[in-house]
Amino acid sequence: MNTYNDSLGVKNILVAEDDKDLRRLLQFDLESGGFKVSLAENGKVALDMIRENKPDCIILDVMMPVMDGFEACKRLKSINSTRDIPIIFLTARGATEDKVKAMGFEADDYMIKPFDFKELIARINLQISKKEMKSYDVEHASEKALKEVSERMSDKLAIPLDIIRRELLTLMEKSDGDLAAIESVRRCESSRRQIREVLADMQREINPFFDLEPEEEVVKL
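The residue numbers shown here count from 1 along each chain, following its written sequence. Only residues with pLDDT of at least 70 are given local features in this predicted model, and only at 80 or more are side-chain atom pairs given and counted; all residues enter the totals for whole chains, interfaces and linings. Hydrogens and water are ignored here; the side-chain numbers use all heavy atoms of the structure.

**Student:** Tell me about the layout of surface pockets, residues and numbers included.
**Tutor:** The way it works is a 1 Å grid over only the protein atoms, where trapped points that fit a 1.4 Å probe form a cavity and open points with protein on both sides within 12 Å along at least five of seven lines form a pocket, and then any residue with an atom within 4 Å of a point lines it. Grid points are joined across faces, edges and corners, and a volume is the space filled by probe spheres set on the points. In this structure, the largest pocket occupies an estimated 410 Å³ of space. Along the walls of the largest pocket sit 18 residues, with Ser154, Ala158, Arg196, Leu212 and Glu213 positioned nearest its centre. Secondary structure elements are taken from DSSP: a helix is a run of H or I of four residues or more, a strand is a run of E of two residues or more, and numbering for both begins at the N terminus. Elements that contribute at least two residues to the lining of the largest pocket include exactly helix H6 (117-175) and helix H7 (179-206). Sorting elements by how many residues they give to the lining of the largest pocket places H6 first, with seven residues.

Next comes the structure, spelled out in structure tokens:
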């Protein structure tokens, strides 16, 4: 069993190959290597399958009926939802112009038949690892951006919110029991606290242990 897949969970590989015997051989060997495998006999079938369930990596032959590997790769890399799925060409076409064409369609790797199965496994693992690292970097970049926005908003609104609180305290002191004035202060204070809590919730998205500092109550709500 492949230790890479043991540690990160079973990865799904889609194999698009028109040679039935080779297709089955790839399925057997990849499943023995710890992968879950789906099979397609041409590029069109592969695209239809990918719409239903996106794999972690795609193995494409070039010469296939109905839709060849180049066209399938071109379409997959032109769509945002599938462009990040690694594509490895596995083909008998070893001419430089074919490799250049594949790279032009943004293929991630290119292997020539006959091939070494251990090398194929290594390349699959490498491409999946690259994809996961890219996803990790994007996720953490988003978290960093959210943290920076939250901190800026909290800093910019902290002083205005405190001024509002102090002004409401002054109004309460001057209300002299006026019920209308007290109700107006109560509504303003409710809105102020809601804004304060929203900012706190944004902080908790970054730091689950964040808590608001206690403050003097303007009025009980």
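Further notes follow.
**Student:** How would you explain helix H2 (residues 20-32) if you had to name every residue and give the values?
**Tutor:** Since there are 3.6 residues in each turn of an α-helix, residues three or four apart along the chain are aligned in direction. Between its terminal C-alpha atoms H2 stretches 18 Å, which fits the 18 Å expected from 13 residues at 1.5 Å a residue. The rule is simple: take the accessible area with a 1.4 Å probe, protein chains only, and divide by the maximum for that residue type; under 20% is buried, over 50% is exposed, in between is partly exposed. Regarding H2, the residues found buried are Leu22, Arg23, Leu26, Gln27 and Leu30. Across the axial projection of H2, the buried residues extend over an arc of 140°, all falling on one side. Opposite its buried face, H2 presents the exposed residues Lys20, Asp21 and Phe28, each directed more than 90 degrees away. Any N or O atom pair separated by 3.5 Å or less is treated as a polar contact, with the protein-specific requirement of one donor-capable and one acceptor-capable atom, and with residues adjacent in sequence counted only for side-chain atom pairs. In this structure Asp19 caps H2, since a side-chain oxygen of it lies 3.0 Å from the backbone nitrogen of Asp21. Backbone geometry just after H2 places Gly34 at a positive phi near 100°. Expected span of a helix: the number of residues minus one, times 1.5 Å. Throughout, the arc means that of the directions going from the helix axis to the C-beta atoms.

**Student:** Lay out the environment of Leu146 with the relevant residues and their values.
**Tutor:** Mapping Leu146 onto the fold places it in helix H6. For Leu146, a relative accessible area of 38% translates into the label partly exposed. On a C-alpha basis, the gap between Leu146 and Met202 in space is 8.5 Å, while along the polypeptide they are 56 residues apart. The contact rule is simple, with two residues in contact once any of their heavy atoms fall within 4.5 Å. If we ignore the near neighbours within four places in the chain, the residues touching Leu146 are Glu205 and Ile206.

**Student:** Describe the confidence of the model for the protein, listing the residues and the values that go with them.
**Tutor:** Here the protein averages 88 in pLDDT, while 93% of its residues score no lower than 70. Along the chain, pLDDT gives the predictor's confidence residue by residue, from 0 to 100. The low-confidence segment residues 1-7 (pLDDT under 50) makes 17 contacts with residues lying over four places distant or belonging to another chain.

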